[in-house]
Amino acid sequence: MSSVKHVPLSIDQLTVAYQQKPVLRDIEFVVPEGKLIGIIGPNGAGKSTLIKAALGLIPRVTGTVTIYGKPYAAQRKLVGYVPQRESVDWDFPISALDVVMMGRYGHLGWLKRPGAKERGIAMECLEKVGMSDFAGRQISQLSGGQQQRIFLARALAQDASLYFMDEPFVGVDAATEKAIITLLNELKKQGKTVLVVHHDLATVKEYFDWVMLLNVELMGIGPTSDIFTRENLQRTYGGRLTLLSRDDDAVIVSAR
């Protein structure tokens, strides 16, 4: 078994509750390096809550979270986070380039100002997501897909080892979706580990080599070919899932 220093994310007995009602209950899993992991489950299953709890953004009732063997507070530089687009104040007066350069602050420390080196790295990251021509544009003037690309560029600028992405494909056009999945595969080739909250069940097998099924409790985690099965999906979604069966495969008709 890998040393804990080489385990990107380990969660043990994690429980989170809102107003005494459990949103996540006794979650336990270990994530290996270099995997693209889709987090899927019905609305209200606790997918975004899991990410926020792992990052210490919301309190935990019980449980521990370690990133490469240490608490998140000691490993912030190793973690990149792309929040849901709707949770961001897009009216804040800041340019696309400035947003991306924020990803370098963890490397600089808060007292040092970013210089030419950081600006160059930020521009490279904007180029990777096809947004270098928009570097000086105010983020409020960008489309939804463009805004999402800017946040992906910021995560790239962090040069993290572990990434959390909360619904990066929601509300983007086909070109942006293709750019995102290309980027995710590049990160994987570099040995990075990426956890992605995802809703489109039809693309899970194509996009992710691992999958986590979540509905308050952990319903399964592992290689997509082993976990993403008709039986597990029905157990996770219950009556919210409609399946069109064909042998052992399941074509998703609808899921809520």
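In this text the structure is predicted, and so the values were computed from the model without any measurement.

Asks: Kindly report on the pattern of salt bridges, identifying the contributing residues and their values.
Replies: Counted by the stated rule, this structure contains three salt bridges. Between Arg25 and Glu217 there is a salt bridge, and its shortest N-O distance comes to 3.0 Å. Note that Arg25 is positioned in strand β2 (residues 21-31) and Glu217 in strand β9 (residues 217-223), a separation of 192 residues in sequence. For Arg25, a relative accessible area of 35% puts it in the partly exposed group. When its relative accessible area of 36% is taken as the criterion, Glu217 is described as partly exposed. Between Lys192 and Asp159 there is a salt bridge, and its shortest N-O distance comes to 3.2 Å.

Asks: Can you tell me about the layout of surface pockets, naming the residues and giving the values?
Replies: Roughly 180 Å³ of internal volume is contained in the second largest pocket. Taken together, Arg104, Ile121, Glu124, Cys125, Lys128, Leu156, Ala157, Asp159, Tyr163, Leu187, Gln190 and Lys192 make up the full set of residues lining the second largest pocket. Looking at the lining of the second largest pocket, the elements that each hand over two or more residues are α4 (116-128) and α5 (144-158). Looking at the lining of the second largest pocket residue by residue, the classes come out as six nonpolar, one polar and five charged.

Conventions used here
- Residues numbered from 1 in each chain as written.
- Predicted model: local features only at pLDDT ≥ 70, side-chain atom pairs only at ≥ 80, totals over all residues.
- Heavy atoms only, no water.
- Salt bridge = Lys/Arg side-chain N within 4 Å of Asp/Glu carboxyl O.
- Helix = DSSP H or I, 4+ residues; strand = E, 2+ residues; numbered from the N terminus.
- Buried < 20%, exposed > 50% of the residue type's maximum accessible area, 1.4 Å probe, protein only.
- 1 Å grid on protein atoms, 1.4 Å probe; cavity = no way out; pocket = protein on both sides within 12 Å on 5 of 7 lines; lining within 4 Å.
- Points joined across faces, edges and corners; volume = space filled by probe spheres on them.
- Nonpolar A, V, L, I, M, F, W, Y, C, P; charged D, E, K, R; others polar.

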